[in-house]
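Tertiary structure, described
Here are the chains, one letter per residue:
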Amino acid sequence: MNVAVVVQRYGADINGGAELHARYIAERLSRHGSVEVVTTCARDYVTWKNELPAGVEQVNGVTVRRFPVAHQRRPDEFGRRSIRVFDRIHSVADELRWLESEGPASPALVQYVEQASKDLDFVLLFSYRYYHAWHIARRIPAKAIIVPTAERDATIGLSIFAPVFRGVRALMYNSPEEQAMIVAAANNASVPGVVVGVGSDVPERSDGDRFRRKFNRRRPFAIYIGRIDENKGCGELFSHFQRYAAAFPHGMDLVLVGSAIMDVPRHPRIHHLGFLDDRDKFDALAAADVLIMPSYFESLSMVALEAWGLGRPVLANGRCDVLKGQCIRSNAGLYYENYEEFVEALYSLESNGPLNARLGRNGREFFKRHYAWPVIERKYLDMFAQLKRELPPEGGSHIAGERDTAMDPLPGWFARRRRELPPATEVLRRIPDGPALADPPARADVPSDRQQRDRRRSA
C-alpha cells in the first residue's frame, strides 16, 4: 500500500482538530504500508504564513514533505469574499475567488501530488474546504479519498464542493451527522463512504492525583480542552459558568487547557493552564468531574472521545448536531441549549452522584467499541481493499494529468461569472439538521431526550 496524506498544516506540535486527526491517521497507516504526508510550510491557520522550511523531514517516523504557500491570507479580503458567497447571490467565479482567498494556496503542492499520484494507490485529503483538497480532488479523482471534517456551517452550501463529493473515489466521514449533511448537500449517496472517525492514544493508566498535586487543584472541577475562542462557544461557556458559580458557591471550578485567542475572565473559580503535554492533559481529564464541550460546530470532538476513553462524562452544546448525537448514541453525556439546562446538567454530573459513574462507564464502552485504534485502522484498510477490487468511476483515469470524466466539469467562462447562485447560508438552511439516530439505543439504561430533560429537572 502506497498512500499520501495531504493536509493544510502538519507537525508534532500542531494540534488543530483536523491536523491532529491527519497526523494520527498517517502514523497509524504507516504501520501497514508506505505513507508520505504532503503539507505546507504554514503553522498559523489564520495567516498561513510560511514559517517552516520547505523540503522533507521525519515527524514521528513519517516522511513529511512541505511546500511554500504562495500568498498569505488577507483577512479583510477573505471577509469580503465570505460575505459575498455566504450572504448574497453570487457566481461560481466568486466561490473560486473565495477558495483562493481562504488558502492555504500552494500550487506547487498540488502539482507535486498530481505528478506523484501515478505511483500512489490513494491520496487522503484533509479537509474538504481548503485549496489543496479541492484542486487535488478535481485533478486525480480516481485516487482521491476525502476526509471532509465538515462542520455545519455555510461553507457546505457552496456549489463548488458538491461535484467533488460526487466525483472522488470515497469519503471517510467523522460522524453520522456529517455523512447525512454531505449526502443531503451533494446527492452523493452512491459514492463509497463509511463513518470512521479517529482514534486516540488514550493511556492505559492516567493519574488524576498527580495532576492535582502538580497544578495545586484541590476542588472538584469541570474541564474544557481546546482553543479558547468565541467560535468554539467559549464566550457562552464563560457567561454560563459565572452564573453557575454565583448560584453554587460550593460547586465545581472550571479548568481551561489550550491556547487563548480571546480574553479569559478573571474569576477565582476559572483557571487557565495553557497548553499541556499529553501526560498532563490525560491526567487532567482523569481528575475532572466532567468535560464541557461548548462548541456550536464540530465534525467530531476528539477530546470528547478521549474523555469517554477515560470514563469521564461529557456535557455538550446541544445546538451542535454532532455533539448531541454522540451524547445520545454513547449514553455517556448530557447536553444543553440554554443556561437553565447547562446549570442543571452540570449540577447532576458532579462526581459524587450516581449519574456521573454510570455515564462514565458507558463512555468507556462506547470508545472501545467504536474508536479503539484497531477499529479505526480496520475501516481504512477495508475501504482501501474495497476500492482496489472495484474499477475507478466510468471514464476515470489512474494517470496523473489525464482528464477524469467522473468529475463534473466547471461551467464555461461566461457561465462561471453569472451571478445566479443563492447565498450559501440559504442553502444550508434547506439541509435537514438534528442528530442522526438511525441506530437508536436499545438498552434500558439509555435515556431518551425526554428522560434526559426529566433527569435535569429533578436533579
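Cut-offs applied
Residues numbered from 1 in each chain as written. Predicted model: local features only at pLDDT ≥ 70, side-chain atom pairs only at ≥ 80, totals over all residues. Heavy atoms only, no water. Helix = DSSP H or I, 4+ residues; strand = E, 2+ residues; numbered from the N terminus. Buried < 20%, exposed > 50% of the residue type's maximum accessible area, 1.4 Å probe, protein only. Pairing = 2+ DSSP bridges. Axes fitted to C-alpha atoms, helices over the stretch in contact; angles between N-to-C directions. Contact = heavy atoms within 4.5 Å. Parallel < 35°, antiparallel > 145°, perpendicular 65-115°, else oblique. Nonpolar A, V, L, I, M, F, W, Y, C, P; charged D, E, K, R; others polar. Salt bridge = Lys/Arg side-chain N within 4 Å of Asp/Glu carboxyl O.

Considering unusual backbone geometry
- In this chain, Gly103 is followed by Pro104 through a cis amide linkage whose omega measures -10°.
- With respect to the helices, strands and loops of the structure, Pro104 is situated in the loop between helix H3 (92–102) and helix H4 (107–116).
- Geometrically, the link from Phe126 to Ser127 is a cis peptide bond, its omega value of -15° lying close to zero.
- Along the polypeptide, Ser127 turns up in the loop between strand S5 (122–126) and helix H5 (131–139).
- Despite not being glycine, Trp48 shows a phi value in the positive range, around 60°.
- With respect to the helices, strands and loops of the structure, Trp48 is situated in the loop between strand S2 (34–40) and strand S3 (55–59).
- Using a relative accessible area of 1% as the deciding quantity, one classes Trp48 as buried.
- Although it is not a glycine, Asn331 sits at a positive phi angle of roughly 50°.
- Structurally, the position occupied by Asn331 is in the loop between helix H12 (321–330) and strand S14 (333–336).
- With a relative accessible area of 3%, Asn331 lands in the buried category.

Some words on the sheet that holds strand S9 (residues 221–225)
- The strand order across the open sheet built from six strands is S11-S10-S9-S12-S13-S14, with neighbouring strands paired in parallel fashion. Where the open sheet ends on each side, the last strands, each with one partner, are strand S11 (270–272) and S14. Strand-to-strand twist in this sheet, taken as the mean axis angle between neighbours without regard to direction, amounts to 25°.
- Bridge count between S9 and strand S10 (residues 253–257): five bridges; the pairing is parallel. Within the sheet, the bridge partner assigned to Ile223 lies in S10 and is Val255.

Observations regarding the sheet that holds strand S7 (residues 170–173)
- An order of S3-S4-S2-S1-S5-S6-S7-S8 is seen for the eight strands of this open sheet, with the pairing classed as mixed. The sheet terminates laterally at S3 and strand S8 (193–195), the two strands that pair on one side only. Between one strand and the next, the sheet's axes are offset by a mean angle of 20°, whatever the strand orientation.
- In the packing of helix H7 (residues 176–186) onto the sheet, the strands contacted are S7 and S8, and the crossing angle to S7 comes to about 140°.

Some remarks on the packing of helix H1 (residues 17–29) against helix H15 (residues 373–389)
- At a closest axis distance of 11 Å, the pairing of H1 and H15 adopts a crossing angle of 75°. Comparing the axis directions of H1 and H15 gives the class roughly perpendicular. Across the interface between the two elements, His21, Tyr24, Ile25, Arg28 and Leu29 from H1 touch Trp373, Ile376, Glu377, Tyr380 and Phe384 from H15.
- Considered class by class, the residues forming the contact of H1 with H15 number seven nonpolar, one polar and two charged.

As for the pattern of salt bridges
- According to the stated counting rule, one finds 29 salt bridges in the structure shown.
- Between Asp153 and Arg129 there is a salt bridge, with its nearest N and O atoms 3.3 Å apart. Of the two residues, Asp153 sits in the loop between strand S6 (144–147) and helix H6 (162–167) while Arg129 sits in the loop between S5 and H5, which places them 24 residues apart along the sequence.
- Note on Asp153: relative accessible area 16%, which makes it buried.
- On the basis of relative accessibility, which here comes to 19%, the residue Arg129 falls in the buried class.
- For the salt bridge of Arg430 with Glu426, the shortest nitrogen-to-oxygen distance reads 3.2 Å. Note that Arg430 and Glu426 are positioned in helix H17 (residues 424–430) at a spacing of four residues, about one turn of the helix.
- Look at Arg430 and you get exposed, because its relative accessible area is 54%.
- Within this structure, Arg28, Asp201 and Glu377 form a network of salt bridges that share partners.

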